[in-house]
Amino acid sequence: QVQLVESGGGLVQAGGSLRLSCAASGRTFSNYVMGWFRQAPGKEREFVAAISQMAGRTKFADSVKGRFTISRDNAKNTVYLQMNSLKPEDTANYYCARAPRGFGSIDDRDYDSWGQGIQVTVSS
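Residues numbered from 1 in each chain as written. Predicted model: local features only at pLDDT ≥ 70, side-chain atom pairs only at ≥ 80, totals over all residues. Heavy atoms only, no water.

Caption draft 1: Summary view of the overall build of the protein chain. Secondary structure assignment for the protein chain yields zero helices and eleven strands. For the protein chain, the sequential pattern of α-helices and β-strands runs β-β-β-β-β-β-β-β-β-β-β. A globule of 124 residues ought to have a C-alpha radius of gyration of about 14 Å, and the protein chain, at 13 Å, matches this closely. The principal-axis extent of the C-alpha atoms belonging to the protein chain is close to 40 × 25 × 25 Å. Taking all 124 residues of the protein chain together, 45% fall into the buried category. If you take every contact in the protein chain between residues at least 6 apart in sequence, the share linking residues at least 24 apart comes to 58%. In the form shown here, the protein chain has an accessible surface area of approximately 6,500 Å², with 45% of it arising from carbon and sulfur atoms. (Helix = DSSP H or I, 4+ residues; strand = E, 2+ residues; numbered from the N terminus. Rg over C-alpha atoms; globule rule 2.2 N^0.38 Å. Buried < 20%, exposed > 50% of the residue type's maximum accessible area, 1.4 Å probe, protein only. Contact = heavy atoms within 4.5 Å. Areas by Shrake-Rupley, 256 points an atom, 1.4 Å probe, with all protein chains shown as cover.)

Right, here's the structure in full:
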């Protein structure tokens, strides 16, 4: 069973930036699509971004396009989420996740392994 561990969250003012990292255990990291989701209090978990196995394709939720980027370093078994121009509505618990097949799904049921989540709080 893979372990995913997020880091890099915290409190930031609106307009600021944060970079989240997600480190994965195991030797097959490069075989999987990786994604980021978030969940705000009282709301359902929502898709944020995904990246294909060799980083040739990326996908973003409309709400973060142009502000967030996703990248990965397969040699380090790590996926990143760079978040710029943060807004108070970006406040949420952020999760990284692994998809065993396909690319482009925004449905969290298509992701089979999840990190524990990390809090991002954007103050106005």
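Caption draft 2: The environment of Ser63, seen in detail. Take Ser63: it is sitting in the loop between β6 (58–60) and β7 (68–73). It is 9.0 Å that separates the C-alpha atoms of Ser63 and Asp90, two residues lying 27 residues apart in sequence. A distance of 3.4 Å separates polar atoms of two side chains, one belonging to Ser63 and the other to Arg38. (Polar contact = N/O pair within 3.5 Å; in protein donor to acceptor, adjacent residues only side chain to side chain.)

Caption draft 3: Inspection of the pairing of β7 at higher detail. Only one face of β7 is covered, namely the one carrying Phe68, Ile70 and Arg72; the face carrying Thr69, Ser71 and Asp73 has none of its residues buried. Pairing of β7 with strand β8 (residues 78–83), which is carried by six bridges, proceeds in the antiparallel orientation. Across the sheet, the residue bridging to Ile70 is Leu81, located in β8. Linkage of β7 to β8, two consecutive antiparallel strands, is achieved through a turn of four residues, within which Asn77 is found at a positive phi near 55 degrees. (Pairing = 2+ DSSP bridges.)

Caption draft 4: Representation of the pattern of salt bridges within the structure. By the definition in use, this model includes seven salt bridges. The salt bridge involving Arg38 is made with Asp90; its shortest N-O contact spans 2.9 Å. With a gap of 52 residues between them, Arg38 in strand β4 (residues 33–39) and Asp90 in the loop between β8 and β9 (92–99) connect regions that are remote in the sequence. A salt bridge links Asp107 to Arg109; its shortest N-O distance comes to 2.6 Å. Exposure remark for Asp107: the relative accessible area of 24% places this residue in the partly exposed category. Residue Arg109 is classed as exposed on the basis of its relative accessible area of 71%. (Salt bridge = Lys/Arg side-chain N within 4 Å of Asp/Glu carboxyl O.)

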